[in-house]
Structures are given as structure tokens and as C-alpha cells.
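Structural characterization, general
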Amino acid sequence: MKILIVGGAGREHAIALAFSRSVYSPKIYCISEMINIGIKKIVDASGGEYFRGNINNPEEVAKFASKVDLVFIGPEEPNFHGVPDKLEEMGIPCIGANKAVSEIEMSKASMRDIQWKYKIPGRLWYKKFKNFEEAIPYIEEYAESIALKPARQAGGKGVKVIEDFQVYLQDEKRKIKKQHAESIVKEYMKDYDLEYKLLIEERVWGPEYTLQCFTDGRTVLPMPAVQDNKHAFDGDLGMETGGMGSISCGRTIKYGIDSDISILTEEEYWKSVEIVRMMVEAIQKETGKKYHGVVAGQMMLTSIWGPTIIEMYSRFGDPEAANVLTILKTDIVEICEAIIDERLNTIKAEFEEKAVVVKAVCPEGYPNNRNLAKNHPVKIDNENGILFASVDIINGKIVTGGSRIVECIGIGNTIPEASLIAEKLCHNVKLEDGWRTFHRSDIGSEKSFRRRLELANLAREIYQYRERKGLLGRKIIWIPGKGLMEVG
């Protein structure tokens, strides 16, 4: 069997490793813009080939895919550009959301429209705008805390949550809101030809988590929940990144494999699964297209709804993929075949009962100045437990690609234990020219886990009270020209 992996980041390294463990011993091929040395070693050992190319060009990917039996697409952009559609036309089995169904990730406005149309739980109040000028009246008159987002998936860039509690600071906050809204439209969305450019959502709080599932369009097969850490620095400070690391243990992000303490309850986990299943069903109804691939809810346990969708992914999260694929016991080839044949209901996805902590090591300059973060020679003393991410091979040397260099994976019986293992691995990563790296030492630490647990308990106490009073999801807002209205 020959399998082509599309993409060359840490997520795709985790996918390649999962295929390399298959009892079917597939030949593994890969196409990506840069050569990921970790994936290349797996490709070479399997007898496959590695191609450098444009993964968002359906014709280019199809040219290489004609040599294989199955294609597994890692990142979201090939989905948005219709690579799975082209492969389907050619009769090549593909694990990847086609262009139509990947709309639930590409357009955050469409995702919210669908959630409200089908009355799917965990839906936030939102407004969408075609340009900056259209948004000004709302920003000026709606004096509350909000989240400002590009209306399209833009690699996690451009999202800003602005808290607006103090009356004496409201003029300043309005100014900041307007400045950021304008930058979203004029900078982050300038290259995208979409009707809606800007999304304003109600600001919510609570612990975030990602629920990733395989789906064949008929069945949603869930994986353990994972908690990503977006902020660049310890204590959840600094700019948002693609993800500095992640934690998982069991289905519900337990403290340890034998612990009763967890971020989510079993009921919240299964409510989250049901929300993702409803989203898959809804997007298929809207488009008339089947969903074959990976789908994920990037969620938050909020005081308003309990499990709440923040965004949807049409693929594995990164670094969340590393948490689940590292401990996947079920053969991934069999899962892929079941997706293609639409018999995923016959598969049981099993995972090792272990705590997994992933920490990303990044070059200084990431995420805001990636040109500065590029082309620094990488030196790693011991590659065990390390996934290569944004790296390339130039003149025989491994160099940084401008984003996260590696993802270090710690596996243990508790999350703090796994965190310490991942922490040691981070210190094996150096840049030979002396350029500095950084990572978050607090991911999975005792203090960090307890803080998230307290947040979860507080959000749970409030949303369960609202549920008992029949107020779940209900919200009264002020709309200019209309006055007070209930939404939700």
C-alpha cells in the first residue's frame, strides 16, 4: 500500500509516525513546500518518496497522488483550495474535507450561520461585516467585551479579545476596537476574496479544549479531548500563536491516568461530541457533499452554554494531533479504509491510557516576524520524543522555516510528570548560529493545570445554574436602532 501525506509540519510528522506503526507497512510518500527531516526519515525507511511542491495546487498534488493508493491531507489550506475534490475526480481515495464541507473552518461567518440555522448548542452571538465602515456603528454603540476576528481562517492570526468593563476606559477601548477591526479588514483579510471580512462575537471565558474526530459523513468517531495553549509566554501572556503546546489524559483531560480530577466531565465530553456530530450533519445538508476526513471543534467550557464552539477545524489541530496520534492503538490504515468505505461505525478507536504533554520550541521572531525567525541552523542532541515542525533542508543543513521548530512530546502517568519529560526534551534543541529560541515551561505544570481546573469548575457552576433556571444560552443585548433584544 502506498500513502501520500500532504503537508510538512509537526502535525504531518505525527501522522507519518502513526502510518509507520501500521501492521500493513505502507510505503509513505510526502509532499510539502519545505523538507521536514523527521518525515523524510520515515519516508526513506518505508521505501517511499518525498516531493517538494505547492500543496495548495490541486493539479500539482494530483500529479504525485496518481502514484499512490490513498492520500491523507494534513493542513486546512489544501482543503480550502479543493485538493480533495480533484483527487475525488480522479478516483483516488482521500482523507481530507472537500472544499464545500471545509467551509465550516474557512468561513467563520458561515460556521456561525449554520450553527444558528440548525440551532446547534454552544452558539455565540455574532455579527458579520463586509467592510470596516459597516462595523463602526456597532463598535461605537455596543460597549461590551467582544472578540474581533477575521471572517476567514487565517492561521490563528488577527483574533483579539477586548475586555470592556470599566466605564472610564470605554472611549479608549472603543478606539482600540476600531483600530483592530480596521487592521483585520485591511491587513489580515486583504488577500481573501470573501463577501464578509470581519466577525464580532460576544466575549466568553472558560477553559478551551479541542475535540478531534474522524468522520465518514455517517459516523463521528471521537478522540480524547486536548487542551491547546495559544499564548506565546508562560502564564498565558503575550501574542497568540498557532499553539505553544498541549495537554491530554484520557477522554476528559484528567490530572493523571488513575485520577478522578479532570477539566471536563464525561457528560461535557459527550455533549461536545454531539455538537461536532451536529455540525458535520448540518454542513452536509447545506452542501450536499459527504465529509470524509478529520473534523474538530475548538471549544470552550463557558458559563453561558457549557460546551461552546469557538471555531471549527476541517483537519487535525497542531499541536493537538501529536497528543492523540502518539497514543493511538488502532491501526490508522484501518481507520482510513473505514472512512473511505463509510463503515466507520465498525471501528473502535483505542488509545493508550497515558498523559501526554507537547511543548513547541520556537525561534525568536515567531509569530510576528517570521522572516527574522527563518534560516537558522538547527541542532538537536537527541531526536527521541521530538516531532520536527517548520524546518527545511538547505545545502544539507536543517534550518528553521520561520514558525515552530519542533514539538517535544512527554508521556507519563500524570500531566505534570509528562510536562517535566517534555521540558527536558526542549533543552535538546539549539540553533547553531546562537539565535535564541523560546518555549513555554508552564504547559502541563501543576500550577497551570490547577488554574484551568478552577476555571472549569467556576464556569460549570454558573452554566449548570443557568441550565436549572432555563437560561442556558440566553442573552440580552443592545442593538443600535432596535434597543434591547434577546438572542440565543
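Residues numbered from 1 in each chain as written. Predicted model: local features only at pLDDT ≥ 70, side-chain atom pairs only at ≥ 80, totals over all residues. Heavy atoms only, no water.

A tally of helices and strands in the chain yields 14 helices and 27 strands. Within the span of the chain, comprising 488 residues, buried residues form 58% of the whole. Long-range pairs, those at least 24 residues apart, make up 67% of the contacts in the chain with a sequence separation of at least 6. As displayed, the chain offers around 19,700 Å² of accessible surface, 49% of which is attributable to carbon and sulfur atoms. (Helix = DSSP H or I, 4+ residues; strand = E, 2+ residues; numbered from the N terminus. Buried < 20%, exposed > 50% of the residue type's maximum accessible area, 1.4 Å probe, protein only. Contact = heavy atoms within 4.5 Å. Areas by Shrake-Rupley, 256 points an atom, 1.4 Å probe, with all protein chains shown as cover.)

Turning our attention to the sheet that holds strand β21 (residues 391–394). If you trace the four strands from one edge of the open sheet to the other, you get β21-β22-β19-β24, paired in antiparallel fashion. The open sheet has two edge strands with one neighbour each: β21 and β24 (429–431). Each strand axis lies, on average, 45° off the axis of its neighbour in the sheet, ignoring direction. (Pairing = 2+ DSSP bridges. Axes fitted to C-alpha atoms, helices over the stretch in contact; angles between N-to-C directions.)

On to the pattern of salt bridges, then. Summed over the entire model, instances satisfying the criterion amount to 37 salt bridges. The salt bridge involving arginine 315 is made with glutamate 105; its shortest N-O contact spans 2.5 Å. One end of the pair, arginine 315, is in the loop between β17 (306–313) and α11 (320–326); the other, glutamate 105, is in helix α6 (residues 103–106), and 210 residues separate them in sequence. With a relative accessible area of 8%, arginine 315 lands in the buried category. (Salt bridge = Lys/Arg side-chain N within 4 Å of Asp/Glu carboxyl O.)

On the surface, Phe233, Leu237 and Met239 cluster together into a nonpolar patch covering about 270 Å² of accessible area. Note that leucine 237 resides in strand β14 (residues 237–240). What makes leucine 237 exposed here is its relative accessible area of 54%. (Patch = residues over 30% accessible without salt bridge, like charges linked within 9 Å, V, L, I, M, F, W, Y side chains within 5 Å.)

Turning our eyes to something else, we now look at the pairing of strand β23 (residues 406–412). Along β23, six of the seven residues are buried, which leaves the element largely enclosed by surrounding structure. Judged from the seven bridges that link them, strand β18 (residues 355–363) and β23 form a sheet pairing that is antiparallel. Its bridge partner being in β23, alanine 355 is matched across the sheet by glycine 412. Relative to β23, strand β20 (residues 386–388) runs antiparallel, the two being bridged by three bridges. Residue leucine 387 lies in a different strand from β23, and its bridge partner there is glutamate 407.

Take the state of the cysteines next. A complete count under the given rule lists zero disulfides for this structure. With no disulfide partner, cysteine 94 has as its closest neighbouring cysteine sulfur the one in cysteine 336, 9.9 Å distant. Judged by its relative accessible area of 9%, cysteine 94 falls in the buried class. Residue cysteine 426 stays outside any disulfide, its sulfur separated by 3.9 Å from that of cysteine 408, the closest cysteine. On the accessibility criterion, cysteine 426 (4% relative accessible area) is buried. (Disulfide = S-S within 2.5 Å.)

Let's shift gears to helix α10 (residues 266–287). Between its terminal C-alpha atoms α10 stretches 32 Å, which fits the 32 Å expected from 22 residues at 1.5 Å a residue. Buried within α10 are the following residues: Glu268, Tyr269, Ser272, Val273, Ile275, Val276, Met279, Val280, Ala282, Ile283 and Gln284. (Expected span 1.5 Å × (residues − 1).)

Before going further, it helps to examine the sheet that holds strand β10 (residues 208–215). With antiparallel pairing, the four strands of this open sheet are ordered in space as β11-β10-β16-β17. Unpaired on one side and paired on the other, β11 (220–222) and β17 mark the two borders of the sheet. With strand direction ignored, the average angle separating the axes of adjacent strands in the sheet is 35°. Docked against the sheet, α10 engages β10, β11, β16 (293–302) and β17, running at close to 40° with respect to β17. Seen against the sheet, helix α14 (residues 446–468) touches β16 and β17 and runs at an angle of roughly 80° to β16.

Next up on the list: the packing of aromatic side chains. Applying the stated criterion to the full structure yields nine aromatic pairs. Between phenylalanine 233 and phenylalanine 438 the ring centres are 5.7 Å apart and the planes differ by 55°, which places this aromatic pair in the tilted class. Taken together, the residues span a long stretch of sequence, with phenylalanine 233 in strand β13 (residues 231–233) and phenylalanine 438 in strand β25 (residues 437–438) at a distance of 205 residues. Note on tyrosine 269 and tryptophan 270: the rings are 5.0 Å apart at their centroids and 85° apart in plane angle, and the pair reads as edge-to-face. Exposure remark for tyrosine 269: the relative accessible area of 1% places this residue in the buried category. (Phe/Tyr/Trp six-rings, centres within 6.5 Å; stacked < 30°, edge-to-face > 60°.)

This part is about the pairing of β14. The pairing of β13 with β14 spans two bridges and is classified as antiparallel. What sits directly across from phenylalanine 233, in β14, is leucine 237. With antiparallel pairing between neighbouring strands as the criterion, β13 and β14 make up a hairpin whose turn holds three residues, including glycine 235 at a positive phi of roughly 80°.

Right, let's get into a positive patch on the surface. Together, Lys2, Lys27, Lys63 and Lys67 give the surface a local cluster of positive charge. For lysine 67, the location among the structural elements is in the loop between α3 (58–65) and β4 (70–73). (Lys, Arg positive; Asp, Glu negative; His and termini not counted. Charge placed at Lys NZ, Arg CZ, Asp CG, Glu CD.)

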